[in-house]
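Analysis of the macromolecular model
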Amino acid sequence: MLALPCPHCGTRDEAEFQFGGEPAIRPPSAVTDTVWADYVYMRSNEKGPHRELWCHAGGCGQWFVLTRDTATHAVLP
Amino acid sequence: MRLALGGRIDRAKKLSFTWNGAALTGFTGDTIASALLANGVKIVARSFKYHRPRGVFAAWVDEPNAVVDVRWGDQHDPNARATLVSLQDGMVVAGVNGYPSVAHDAAGALDLLHRFLPAGFYYKTFMTPSWHHYEPRIRAMAGLGRVGAAIETRAFETRNTRCDVLVIGGGPAGIAAARAARAAGASVLLVDDRAELGGSLLWDNATIDDGPALDWVATAIDGVRVLSRSTVFGAYDHGSFAVLEDRATAPTGWAEPRLWVVRAAQMVFATGAIERPLVFPDNDRPGIMSANAVLAYLRQYGVLPGRRVIVATNNDSAYATAIALRDAGAVVEIADARPDAPNIEGIRVRPASVPLATGGRGGLAWVDLGPCDGSRRERVPADLLAVSGGWSPAVHLFSQAGGALRWDDTLAAFLPDAAGRHVAGSVTGAWDLATCLAQGHRAGLDAAGRASDLAAPHAPASALTRPILPLWGLDLPGTRQWVDYQNDVTAKDVRLAASEGYRSVEHLKRYTTLGMATDQGKTSNVNGLAILADATGQDIAAVGTTKFRPPFTPVPLAAIAGLRAGALFAPLRHLPVHDDHVALGAEMRDYGGWARPACYRGIGETTAAAIKREATNARFRVGLFDGSSLGKIEVQGSDAAAFLNLMYYNEVANLRPGRLRYCLLLRETGVVYDDGVVARLAADRYLLSPSSSHTAGVLAMLELWHQTEYPTMQVAFHDVTAAWATFAVSGPKSREIVVALGGGADLSEQALPHMAMTETMLGAVPCRIARVSFTGERSYEISVPSGYAHALWRQLLDLGEASGIMPYGIESLSVLRAEKGYILIGTDTDGMTLPVDLGLEGPLRAKKIDFVGKRSLLTPDATRPDRRQLVGLLPADPAVVPVPGTHAVLRDGGGKRSLGWITTACRSPVLQRSVALGMIESGRARMGETIDLFHLGQFSRATIVAPCFYDPAGEKLHG
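Residues numbered from 1 in each chain as written. Chains lettered and ligands numbered in written order. Predicted model: local features only at pLDDT ≥ 70, side-chain atom pairs only at ≥ 80, totals over all residues. Heavy atoms only, no water.

**A closer look at the overall build of chain B**
A count of helical and extended segments in chain B gives 22 helices and 50 strands. For 959 residues, the compact-globule estimate of 2.2 N^0.38 gives 30 Å, and chain B exceeds it by more than 25% at 38 Å. When the backbone C-alpha atoms are referred to their principal axes, chain B occupies close to 110 × 75 × 55 Å. For chain B, buried positions account for 56% of its 959 residues. Nonlocal contacts in chain B, meaning residues at least 24 apart in sequence, comprise 64% of its contacts between residues at least 6 apart. Summing over all exposed atoms, chain B offers an accessible surface of approximately 39000 Å²; the carbon and sulfur share of this is 55%. Across chain B, the mean location of the 96 positive side-chain charges is 3 Å away from that of the 95 negative side-chain charges. (Helix = DSSP H or I, 4+ residues; strand = E, 2+ residues; numbered from the N terminus. Rg over C-alpha atoms; globule rule 2.2 N^0.38 Å. Buried < 20%, exposed > 50% of the residue type's maximum accessible area, 1.4 Å probe, protein only. Contact = heavy atoms within 4.5 Å. Areas by Shrake-Rupley, 256 points an atom, 1.4 Å probe, with all protein chains shown as cover. Lys, Arg positive; Asp, Glu negative; His and termini not counted. Charge placed at Lys NZ, Arg CZ, Asp CG, Glu CD.)

In C-alpha cells, the structure reads:
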C-alpha cells in the first residue's frame, strides 16, 4: 500500500485516495480530430517517473499532481 | 525421548493429546513437533508425491515434512505446521497423506514406481489417452490435509499500526536493534514469530554483557512494543508490512489469528538464517534432522531426539549441537566434509567424511560414512543423523521489500546488499553472536536516525571460525538424493530438468516444483539452484534465486479478508425507512450499492404478479415510491450557473429558480456518463440528482473539473444525499394526497407545473415538493430531512389509503419507465452511447459554449449516420418477452450481421403485451420495419417503433 502526500493533509495511506490517471492539457475545441483524440485517449504509460493525478477523496477532496516512479512506486519530488 | 531436566517447558503443566488415536502427553511450552519427538514418534508424514515416510526435520518455519491435521475443540487446521503450533491440552493430531496412517501407508508402494514419475512426469508418462484421464486419481494420491466441508464463519480481526522503526526478528540482532532505536528516542515495534523472544539465544546458552543472554533480553526490550508469535509475511510499498499474529495461546484464551498492517518509517531486517540440509543418498529418512533443530529441541524443549548420533556437517555451526548432545549423554560422532578436523573431547571427528547411504526400517539404524567420491565407506550404527549443509540467510522479506541480493562464494550464501537499508545478524551472513549484537546496535541507531550514548551489548567472540566447504550433492550414480523434501524433488530431477533445457531457475522451479510446496523451499532453494548451476556449467551467482514473494509463511485467506466478508464484503446502504419496507413485505435487493425494494409481494403472490399489481395501481390510482437513494448534490456559488453549464450537456444557466430540467452529463469522450434532474433553487444555488450509484462519481467529476480546469470559478459542491429522504407520489390521484398533506404550498398547475419545485414547511419540518416523473404519470417528489422519513412515509400511506395508494418497488418502476421509453443509464446505454444516439440532439446544436464532451460529439465517428440509436421494439409474438442482450440481426444468405441489441424488455401491464427498448443501427430510419431477433440459436421477429409505448404526447404528466 502506497503512502501518498496530500498537499493539505500530509502523508496518508493509499486507501484514502482516488487515482485520476495522467493529466492531460485540454486543447481548445478548434483543434483537429487527431489532436483531440490524442488528448482524450492517448496516455504515455511510462515506465519510470510518471506525472499523475490523485484525489484525497477520503479526506479533504483535493486533486493534485504527483510524480511517481511506476517501476519502484517511489514518490518523486 | 524427554530428558529429566532442562528446556524452557513448564513441567508442572502436563498436557494430553492424541497422535493418530494414541494418547500421548507433553508440556506447556511444547510445540506439536517437540511433543511428538519427546514421545519417540519417528514418522510424522508421508511425502507429497512418492508417499515416502518422513520425520520432523527442522524446528521453525523451514520445516518441510511435519504438516499435520489438528483438531482442538471446534477448531480444525488440516495443514498445521507441527513445528509452529503450541501444544494444547486435548489436541487431536493426525498425519496427512497416508492411508490408513502415515506409519503404515498403503500408497507407500508408489515409491517403487519412482522411475516413472520423474520431474515433469505429467507431461510425459500419463499422456495416453490424455493427462485428464489420470489427473483425478493422481490428485487424490498427492497432497496434504483434507479441508473440512464447513464454510469459514469465524470473524478475523485486522489492526493497523505505525511506528518509527519496525524490527523484524526477535533474535539477538533484532533485540539489540530495538534496544538501540528505543534509546535513540524512536517508537519501536519488534515483531517475532516465536512464543518467546531470543531467537538463537533460546538454545545457545550464550552470555551477553557478562550475564545469561535471556536475562539481557528481558531488560533490553524495555519500552519496545513487542508482537510475539507474529510473522511478518509480506513487505509492501512505502514501508508497509503485513503481520499475522497467532493468538491460539492468547492470555484471554484462544482467538483467531489477527492481521496487522504496519506502516514503518524505517525497518531493520534481523530475520536470521535457515540451516540447509546436506544432499546425499536417502537423506530424507525419518531420524535425519537439521543439526541446529536438534540443538533447539534439546535446549528449548528438553528433548533428545536420538542416543547414538552422527553429526554430518560442512561448517562449524553443527559442532555446538554435537557438544550439547554429548553433554546430554548421547554417543556422538562428527562427520566433517572438510579435510581438517579439530579435536573435541569425547567426540570422534571424522575428517573428509560425508554420509554415503542410510538405512533402517521405520527410522534410522545406520549411516555409511566415507569420502565424497564414495571410494571407501564404513557402516556406523545411529538412530539420529544431524546434518548441516551451511546456512541460508532468511533474505525473503528483505528481497520482497526491494533489496538486492548478491552471492558470496566464501560464505556460500546469498547475502543482502545492505546499501540504504538496515540489516543485522545472521541474515547478513554473520554467524558470531558478538558480531550480530554489534550489527544490531548499529542498525537500530541508523534506523532511528539519532545518536544515543547507550553502550552496545557485548558477547565473547566465537571459538570456531573455520570456513564452510560448499557441498551441493554427491556424484554417486543410481542414488536418490533429496533436495526438496516436501515436493519430493531429487538432485536427479534438477539435473534432468537442466538437461531438458530448463536453464532458468524460474523454469526449473515450475518444471520440477522445487520450492513450490507450502514451505516455499526454505530448506531447498539454495541447494537446488546450486545443483542447477553445476549441471548447466554456470556460477551460482549467474543462476540467481527465484523471486521472493509474499507470503513468507502460509496465511489463511480468511485472515486477509478480515471482517470484509459476507454481508460486510461490500456493505449495502440502507434507506431511511428500510424497516418500513421490510415490514411491508418488500423484497430488498442490491441496486447500485443500496438495499432497495424490488417489489412488495403479498402472501402467496409471485414477483411477476406483484410487479403487475404495483405498476397498474400507479398508472390508474396512485403509488408511493422511495427515491431517497437518488443522489442529491447541492452546488452553490456566484459561478454555479456558469460552471454547471460547462459541465452539463444541456443548457442549465437559463433555468429559472424553482424550475427543473432533465440533463445529461457526458465524459470528455462524449459518452453519456449520467442523467438526472437539475433543479435551480436560487440564482446561485442548484440541486443535482445523479443516479443512485453515480453520486460519488459525479461529485468527484465536478471537483476534478473545478480544481483542475476552472479553479477561479466561485462554486462549491456538497453531497446531501443522506440528509434528505425523498418519496414519490405518482399516479392520477397523487395530487389529492399531496394537498391533504397540507403545508400551505400553492399546488395549482400554474404555481407548480410539471418540472417545477417549491420549498415549504410541513409544520416545523422543511420540505421540498418537486413535480418530476419517472413513471409518465403526474408525480410529486416530496423531500424532508431524513430524520422525518418514517413519519412522512406513514403519513403518505395513511392519507392515500382512501385513494388506494400502494408502495411500488424498483422492478415495478422499471416496467413503468420502459412503457414510457425513459432510459436507465448503464442499462439502455453503454460505454459508446452518445446523446445523439438517444435522440437528444438539441443542446449540441443550441449550446455554444465548450461543455464537457462537446468536441468529441463533432468527430466523424460521432456523426456517422449508421450509429446505433434508441428505438422501441414490439415483438411479433406479444406473449414473448425477449431477453435483454438479444441481437437484432440482418440475415444475409447463410450468415447474419448484428444491427444492435435489446437493452430493456418487459411485459407491459397497461398494453397487455411485451415491449422492448434497444440500440439499433440507423434505428430511427427503420421505423415500422420488422427485423429479425436472434438469441441462443433462436430467431424471432419484432417491429421497430418510437421508444415510447404509452401516452406519447405526455398528457398524463399533467392529468
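So much for the structure itself; the text now carries on.
**Observations regarding the overall build of chain A**
Along the backbone of chain A there are one helix and six strands. In chain A, the order of α-helices and β-strands from amino to carboxyl end is β-β-β-α-β-β-β. A globule of 77 residues ought to have a C-alpha radius of gyration of about 11 Å, yet chain A, at 14 Å, is considerably larger. Along the first, second and third principal axes, the C-alpha set of chain A runs to 40 × 25 × 20 Å. When the 77 residues of chain A are sorted by exposure, 35% land in the buried category. The contacts in chain A between residues at least 6 apart in sequence include a share of 45% that link residues at least 24 apart. A total accessible area of about 4400 Å² is found for chain A, and carbon and sulfur atoms account for 55% of it. Treating the 6 positive side-chain charges of chain A as one cloud and the 9 negative ones as another, the clouds have centres 3 Å apart.

**Section: the packing of helix α17 (residues 640–647) of chain B against helix α18 (residues 695–708) of chain B**
Residue and element names in this part refer to chain B. Relative orientation of the contacting elements α17 and α18 amounts to 110°, with a least axis distance of 11 Å. It follows from the interaxial angle that α17 and α18 lie roughly perpendicular. Read as a crossing pair, α17 and α18 show a hand that is right-handed. For the pair α17 and α18, the contacting residues are Phe643, Leu644 and Met647 in the first and Leu702, Trp705 and His706 in the second. (Axes fitted to C-alpha atoms, helices over the stretch in contact; angles between N-to-C directions. Parallel < 35°, antiparallel > 145°, perpendicular 65-115°, else oblique. Left-handed = near helix turned anticlockwise from the far one by under 90°.)

**A short note on the interface of chain B and chain A**
Listed by partner, the interface residues are 26 residues for chain B and 22 residues for chain A. For the pair chain B and chain A, the two sides together bury roughly 1900 Å², of which 47% comes from carbon and sulfur. For the pair chain B and chain A, the number of links is five salt bridges. Of the charged contacts, one joins Asp13 of chain A and Arg263 of chain B as a salt bridge, the two residues approaching to 2.5 Å between their closest N and O atoms. Seen at the junction of chain B and chain A, the total is 18 residue pairs in polar contact (both at pLDDT 80 or more). (Buried area = accessible area lost by both parts, 1.4 Å probe. Salt bridge = Lys/Arg side-chain N within 4 Å of Asp/Glu carboxyl O. Polar contact = N/O pair within 3.5 Å; in protein donor to acceptor, adjacent residues only side chain to side chain.)

**Thoughts on the packing of aromatic side chains**
Using the criterion set out here, one finds 21 aromatic pairs over all chains in the structure. Note on Tyr502 of chain B and Tyr511 of chain B: the rings are 3.9 Å apart at their centroids and 10° apart in plane angle, and the pair reads as stacked. Here Tyr502 of chain B falls in the partly exposed class, since its relative accessible area comes to 27%. Taken together, a centroid distance of 5.6 Å and an interplanar angle of 80° make the contact between Tyr649 of chain B and Phe851 of chain B edge-to-face. Of this pair, Tyr649 of chain B sits in the loop between α17 and β36 (660–666) while Phe851 of chain B is found in the loop between α22 (842–846) and β45 (868–875), placing the two residues 202 residues apart along the sequence. Among the residues examined, Phe851 of chain B registers a relative accessible area of 0% and is labelled buried. Ring pairing ties together the aromatic residues Phe17, Phe19, Trp54 and Phe64 of chain A, which thus form one cluster. Residue placement shows Arg768 of chain B over the ring face of Trp724 of chain B; its charged tip is 4.3 Å from the ring centre. The ring of Phe939 of chain B has Arg891 of chain B lying over it, and the distance from NZ or CZ to the ring centre is 3.6 Å. (Phe/Tyr/Trp six-rings, centres within 6.5 Å; stacked < 30°, edge-to-face > 60°. Lys NZ or Arg CZ within 6 Å of the ring centre and 35° of its normal.)

**Overview of helix α19 (residues 734–741) of chain B**
Residue and element names in this part refer to chain B. For α19, the set of buried residues is Ser734, Ile737, Val738 and Leu741. The buried residues of α19 all sit within an arc of 95° when viewed along its axis, so they share a single face. Each element contacted by the buried residues of α19 is listed here: β40 (724–730), β41 (757–762), β42 (765–770), β43 (779–785) and α20 (789–799). Downstream of α19 by a residue or two, Gly742 has a phi angle that is positive, lying close to 80°. (Arc of directions from axis to C-beta.)

**Focus on the domain arrangement of chain B**
Residue and element names in this part refer to chain B. Partitioning chain B into domains gives domain 1 (1–145), domain 2 (157–274 + 393–448), domain 3 (277–389), domain 4 (573–629 + 723–816), domain 5 (633–719) and domain 6 (866–959). Measuring from the centre of the C-alpha atoms in domain 4 to the corresponding centre in domain 5 gives 25 Å. In this complex, domain 4 contributes 13 residues to the contact, which on the side of domain 5 involves 13 residues. For the pair domain 4 and domain 5, the two sides together bury roughly 990 Å², of which 55% comes from carbon and sulfur. By the criterion of area lost to domain 5, the three top residues of domain 4 are Met755, Met757 and Arg768, representing 52% of everything that side buries. At the junction of domain 4 and domain 5, the tally comes to one salt bridge. Of the charged contacts, one joins Arg768 and Glu634 as a salt bridge, the two residues approaching to 3.1 Å between their closest N and O atoms. At the surface where domain 4 touches domain 5, the tally comes to five residue pairs in polar contact (both at pLDDT 80 or more). Where the side of domain 4 that touches domain 5 is concerned, the elements lending two or more residues are β33 (594–600), β41 and β42. (Domains from an automatic or database assignment.)

**Some points on the sheet that holds strand β21 (residues 354–359) of chain B**
Residue and element names in this part refer to chain B. Taking strand neighbours across the sheet as the criterion, the three strands line up as β21-β22-β23 in an open arrangement whose pairing is antiparallel. In this open sheet, the two strands that pair with only one neighbour each are β21 and β23 (378–381). Pairwise comparison of adjacent strand axes, ignoring direction, gives a mean angle of 30° for this sheet. As defined by bridge partners, strand β22 (residues 366–370) adjoins β23 across four bridges and the pair is classed as antiparallel. By the bridge assignment, Trp366 is partnered in β23 with Pro381. (Pairing = 2+ DSSP bridges.)

**A few points about the nonpolar core**
Residues and elements named next belong to chain B. Core analysis: the biggest nonpolar cluster contains 56 residues, and Phe17, Trp19, Tyr297, Val311 and Leu325 have the highest contact counts within it. When residues of this core are assigned to their parent elements, the largest contribution, eight residues, is made by helix α6 (residues 291–301). When residues of this core are sorted by domain, at least three fall in each of domain 1 (1–145) and domain 3 (277–389). Membership of the second largest hydrophobic core comes to 35 residues, among which are Tyr591, Leu844, Ala862 and Val915. (Core = buried A, V, L, I, M, F, W, Y, C linked by side-chain atoms within 4.5 Å.)

**Overview of the pattern of salt bridges**
All names here are of chain B. Counting across every chain of the model gives 56 salt bridges over all chains. A salt bridge links Asp284 to Arg54, with the shortest nitrogen-to-oxygen separation between them at 2.9 Å. Separated by 230 residues along the polypeptide, Asp284 in the loop between β16 (273–275) and β17 (288–290) and Arg54 in strand β4 (residues 53–54) bring together distant segments of the chain. Asp284 sits in the buried class, given a relative accessible area of 4%. A relative accessible area of 1% places Arg54 in the buried class.

**Focus on the state of the cysteines**
Note: disulfide means a covalent bond formed between the sulfur atoms of two cysteine side chains. All names here are of chain B. For the structure shown, the criterion picks out zero disulfides over all chains. Here Cys663 is not disulfide-linked; the sulfur of Cys948 is the nearest cysteine sulfur, at 20 Å. Distance from the sulfur of Cys906, which forms no disulfide, to the nearest cysteine sulfur (Cys948) is 13 Å. (Disulfide = S-S within 2.5 Å.)

**What to know about the sheet that holds strand β18 (residues 308–313) of chain B**
Residues and elements named next belong to chain B. Read across the sheet, five strands follow the order β17-β24-β18-β19-β20 without closing on themselves; strand pairing throughout is parallel. Single-partner strands in this sheet number two, and they are β17 and β20 (348–350). Averaged over all neighbouring strand pairs, the angle between strand axes comes to 25°, with direction disregarded. Bridge count for β18 against strand β24 (residues 384–388) is five bridges, and the pairing is parallel. In the strand pairing of β24, Val309 is matched with Leu384.

**A closer look at helix α5 (residues 213–220) of chain B**
Residues and elements named next belong to chain B. Within α5, burial applies to Ala213, Trp216, Val217 and Ala220. Viewed end-on, α5 has its buried residues packed into an arc of 105°, placing them on one side of the element. Away from its buried face, by an angle of more than 90 degrees, α5 presents the exposed residues Ala218 and Thr219. Turning to α5, the residues buried within the fold contact α3 (172–183), α4 (201–204), β10 (207–208), β11 (211–212) and α9 (433–448).

**Re the side chain of Asp62 of chain B**
Residue and element names in this part refer to chain B. Tracing the backbone shows Asp62 in the loop between β4 and β5 (67–72). No salt bridge is formed by the buried Asp62, whose closest oppositely charged neighbour, Arg194, lies at an N-O distance of 6.7 Å. Not counting residues within four places of it along the chain, the set of residues in contact with Asp62 comprises Ile274, Asp519, Lys522 and Thr523.

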